Amino acid sequence: MGSEGTEATAYLSTVCTRCGDLELPLGRVLLRVHDESATAECVIRCPTCRSRFTKACNNEMALALLNAGIAVSVWPTEQHSVNPRRLTWSEVDRAVASIYDDCRWKAALEAI
């Protein structure tokens, strides 16, 4: 029997902080590339506990993952800054008011 038409599945080994060692097929991993800083990380969801986490990867690993056909998402770097801008109370008040103004939410809140 030949192996025509079959492809080997590539796996990524990592560690979930809750469950321990994992081996995931690359189809369950997303490579997130930050456009301005040109850094990358793997976005992983543990199949056991369902927690989502990221693992940084260097350029060599990112290139290997790309060559293996991993899914890629490009994100603006500012979305991942260490000190994101905090919402002001005015922004929170406007958001709450817009939610409360929706009659379905209003009826649900009044029913509580």
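Residues numbered from 1 in each chain as written. Predicted model: local features only at pLDDT ≥ 70, side-chain atom pairs only at ≥ 80, totals over all residues. Heavy atoms only, no water.

### Description of helix α1 (residues 59-67)
Just so we agree on the cut-off: Pairs of N or O atoms are called polar contacts if they sit within 3.5 Å, as long as, within protein, a hydrogen donor faces a hydrogen acceptor (for residues adjacent in sequence, only side-chain-to-side-chain pairs). To qualify as a helix, a DSSP run of H or I must reach at least 4 residues; to qualify as a strand, a run of E must reach at least 2; elements of each kind are numbered from the N terminus.
For α1, the capping residue at the N-terminal end is N58, with a side-chain oxygen 3.2 Å from the backbone nitrogen of E60. Looking one or two residues beyond α1, the residue adopting positive phi is G69, at roughly 95 degrees.

### Observations concerning the packing of aromatic side chains
Condition: Centre distance within 6.5 Å is the pairing criterion for rings of Phe, Tyr and Trp, where only the six-membered ring of Trp is used; planes under 30 degrees apart are then read as stacked, over 60 as edge-to-face, and the remainder as tilted. Lysine and arginine charges are scored as sitting over a ring when NZ or CZ, respectively, is within 6 Å of the ring centre and within 35 degrees of the ring normal.
Per the counting criterion, the structure on display carries zero aromatic pairs. Just above the ring of W75 sits the side chain of R32; from NZ or CZ to the centre is 4.3 Å.

### A look at the sheet that holds strand β3 (residues 29-34)
Definition in use: The pairing criterion for strands is at least two bridges between them, as found by DSSP. Where helices are involved, their axes are fitted lines through C-alpha atoms of the stretch in contact, as for all axes, and angles between N-to-C directions lie from 0 to 180°.
Pairing in this open sheet of four strands is mixed, and the strands run β5-β4-β3-β6 from one edge to the other. Edge positions in the sheet fall to β5 (52-57) and β6 (71-75), since each of these pairs with one other strand and no more. Shown here is a sheet whose adjacent strand axes are inclined to one another by a mean of 30 degrees, direction ignored. Relative to β5, strand β4 (residues 39-45) is paired through six bridges, and the arrangement is antiparallel. Paired with R45 across the strands is R52, a residue of β5.

### Some details on a positive patch on the surface
Quick note on the threshold: Surface patches are drawn from residues lacking salt bridges whose relative accessible area is over 30%; two like charges belong together within 9 Å, two nonpolar side chains (Val, Leu, Ile, Met, Phe, Trp, Tyr) within 5 Å. Here the accessible surface of atoms and residues is derived via Shrake-Rupley with a 1.4 Å probe, and residues count as covered only by protein chains that are part of the display. Salt-bridge detection follows one rule: a side-chain nitrogen of Lys or Arg within 4 Å of a carboxyl oxygen of Asp or Glu. His is not counted here, nor are the chain ends, while Lys and Arg score as positive and Asp and Glu score as negative. To locate a charge, the coordinates of NZ of Lys, CZ of Arg, CG of Asp or CD of Glu are taken. With a 1.4 Å probe rolled over the protein chains alone, any residue whose accessible area is under 20% of its type maximum counts as buried; one over 50% counts as exposed, and the rest are partly exposed.
Residues R28, R45, R50 and R52 make up a contiguous surface patch of positive charge. Judged by relative accessible area, which is 52%, R52 ranks as exposed.

Just distances and angles here, no functional claims.
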